[in-house]
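Listed below are the residues making up each chain.
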Amino acid sequence: MSNELHVTSLVLQVQPDHMTAVRERIIEMNNAELSVNNEVKLVVVLEGESQKSLMTDIETINAIPGVLSAAMVYHQSEVLEEGEK
């Protein structure tokens, strides 16, 4: 079990006619949360136990039809004390 927590945020540019479907797909992801959204851009916050897991989530988001770009704007990692999660 990992004792790290990684948090990253992405700004997505989305084709307007795909926005509803993109939002729904992101909401369905276990480690993703929509922070801000409008007609063409979303801010998504991801949490995971490793940088690799976040990269996998970013690849998943990039593969959603209608996502034009996903730019990482923030990343933080910290070592958790035993019992924290």
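Along each chain, residues carry numbers from 1 onward, in the same order as the chain's sequence is written. Side-chain atom pairs in this predicted model are given and counted only at pLDDT of 80 or more, local residue features only at pLDDT of at least 70, and totals for whole chains, interfaces and linings cover all residues. Excluding hydrogens and water, the side-chain figures rest on all heavy atoms present in the structure.

Engineer: Which residues make up the overall build of the protein, and what values go with them?
Structural biologist: When helices and strands are counted, the protein shows two helices and four strands. Counting from the N terminus, the helices are DSSP H or I runs at least four residues long and the strands are E runs at least two residues long. Going from the N terminus to the C terminus, the protein shows its helices and strands as β-α-β-β-α-β. Seen along its three principal axes, the alpha-carbon backbone of the protein occupies a region of about 45 × 20 × 15 Å. Across the 85 residues that make up the protein, the buried fraction comes to 27%. For the protein, contacts bridging at least 24 residues in sequence account for 67% of all contacts bridging at least 6. When a residue's accessible area, from a 1.4 Å probe over protein chains only, is under 20% of the maximum for its type it is buried; when over 50% it is exposed; and in between it is partly exposed. Contacts are assigned to residue pairs with any non-hydrogen atoms lying within 4.5 Å of each other.

Engineer: Outline the pairing of strand β2 (residues 32–37), listing residues and values.
Structural biologist: Two strands pair under a simple rule: DSSP has to find at least two bridges between them. Note: β2 against strand β3 (residues 41–48), five bridges, orientation antiparallel. Across the sheet, residue Ala32 finds its bridge partner in β3, namely Leu46. Following β2, the chain reverses through three residues before pairing antiparallel with β3.

Engineer: Help me get a handle on the nonpolar core, residues and values and all.
Structural biologist: Leu12, Val22, Ile26, Leu42, Val44, Leu46 and Ile61 are the most contacted members of the largest nonpolar core, which has 16 residues in total. If you list the elements that add at least two residues to this core, you get β1 (4–14), α1 (19–28), β3 and α2 (51–62). Those residues in contact with Ile26 that lie beyond four places of it in its chain are Leu12, Ala32, Leu34, Leu42, Val44, Ile61 and Ile64. For the purposes of this section, nonpolar cores are sets of buried Ala, Val, Leu, Ile, Met, Phe, Trp, Tyr and Cys residues that join through side-chain atoms within 4.5 Å.

Engineer: Describe the environment of Tyr74, listing the residues and the values that go with them.
Structural biologist: Following the sequence through the fold, Tyr74 ends up in strand β4 (residues 67–79). For the pair Tyr74 and Val45, spaced 29 residues apart in sequence, the C-alpha separation works out to 9.2 Å. Leave out the neighbours within four places in its chain, and Tyr74 touches Val7, Thr8 and Ser9.

Engineer: Let's hear about α2: which residues, and what values?
Structural biologist: The first and last C-alpha atoms of α2 sit 16 Å apart over 12 residues, in line with the 16 Å expected at 1.5 Å per residue. Listing the buried residues of α2 in full gives Leu54, Asp57, Ile58 and Ile61. Buried positions in α2, seen along its axis, are confined to an arc of 100° and lie on one side of it. When the buried face of α2 is taken as reference, the exposed residues oriented beyond 90 degrees from it are Lys52 and Glu59. Here the buried face of α2 lies against β1, α1, β3 and β4. Under the convention used throughout, the expected extent of a helix is 1.5 Å for every residue step, that is, one less than its residue count. Arc, as used here, means the arc of the directions from the helix axis to the C-beta atoms.

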